[in-house]
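Per-entry structural report
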Amino acid sequence: MTDAHLHLVVNHFPIIGTIFGFGILIAGLILKNNTVKNVSYVLFIIAAIFAAVSMGTGEGAEEAVEEMPNIGKQIIHEHEEIAEKLALVLYVLGVVSLLGLYTNLKNHTKAKLISYIALVTAAVGVFLAQQVGTTGGEVRHTEIRANATDTINTVTTEEQEED
């Protein structure tokens with residue numbers, strides 16, 4: 001299994017895990033249920049671990065596709081820059097989640113504060129996760145790029161002129 005293949009296998013969980021964890025944390029806060037909050041914390045910790053693996057395999061994935069037609073180094077660089085920011089946020093969220101688990105299990109007075117810190121950090125993570133997913137998808141899915149309709153229209157116009 002190459003880095004490119006492994007990257008494709010693991011890169012979805014930091015995005016999906018953060019989104020699901022965010023929703024579950026909101027539910028835990030609304031329900032005032034520590035068990036539900038703990039589930040979100042575990043998801044955030046796993047998302048942080050998968051983010052580390054994704055970052056570790058990203059360079060190999062980049063090398064595998066950067067010379068392919070219609071890819072370009074700029075789009076990969078943009079994805080990489082946003083992914084690095086997401087990874088940092090998820091590492092912080094993983095540490096906050098470990099604190100959240102600990103404070104919930106010990107019924108510590110700071111448990112509620114930690115859950116709100118996790119919520120804000122996760123909200124930033126969800127925002128960045130959306131951007132990472134979009135830019136990552138744009139690497140190989142040219143149809144979702146911002147200039148995709150311009151490219152399609154240009155090709156269609158050129159084809160019509162040839163007829």
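A brief structural summary. Everything numeric in this text was worked out from a predicted model, so none of it was measured.

Observations regarding helix α4 (residues 73-105)
Look at α4: 47 Å from first C-alpha to last across 33 residues, which is about the 48 Å you get at 1.5 Å a residue. Remark: Asn107 follows α4 within two positions and exhibits a positive phi of approximately 50°.

So, a nonpolar patch on the surface
A cluster of nonpolar side chains, Ile16, Ile19 and Phe20, forms an exposed patch at the surface whose accessible area comes to about 280 Å². Considering the arrangement of structural elements, one finds Ile16 in helix α2 (residues 12-31). Taking relative accessible area as the criterion, Ile16 reaches 39% and is therefore assigned partly exposed.

Brief notes about the packing of α2 against helix α3 (residues 34-65)
Put simply, α2 and α3 touch, their axes get as near as 8 Å, and they point 165° apart. Between α2 and α3, the angle falls in the class roughly antiparallel. Two packed elements cross with a definite hand, and for α2 against α3 that hand is left-handed. For the pair formed by α2 and α3, the contact residues are Phe13, Pro14, Gly17, Thr18, Phe20, Gly21, Phe22, Ile24, Leu25, Ala27, Gly28 and Leu29 on the first element and Val36, Lys37, Val39, Ser40, Tyr41, Leu43, Phe44, Ile46, Ala47, Phe50, Ala51 and Ser54 on the second.

Quick notes on the rules
Residues numbered from 1 in each chain as written. Predicted model: local features only at pLDDT ≥ 70, side-chain atom pairs only at ≥ 80, totals over all residues. Heavy atoms only, no water. Helix = DSSP H or I, 4+ residues; strand = E, 2+ residues; numbered from the N terminus. Expected span 1.5 Å × (residues − 1). Patch = residues over 30% accessible without salt bridge, like charges linked within 9 Å, V, L, I, M, F, W, Y side chains within 5 Å. Areas by Shrake-Rupley, 256 points an atom, 1.4 Å probe, with all protein chains shown as cover. Salt bridge = Lys/Arg side-chain N within 4 Å of Asp/Glu carboxyl O. Buried < 20%, exposed > 50% of the residue type's maximum accessible area, 1.4 Å probe, protein only. Axes fitted to C-alpha atoms, helices over the stretch in contact; angles between N-to-C directions. Parallel < 35°, antiparallel > 145°, perpendicular 65-115°, else oblique. Left-handed = near helix turned anticlockwise from the far one by under 90°. Contact = heavy atoms within 4.5 Å.

It is worth stressing that arrangement in space is one thing and function is another; only the former is reported here.
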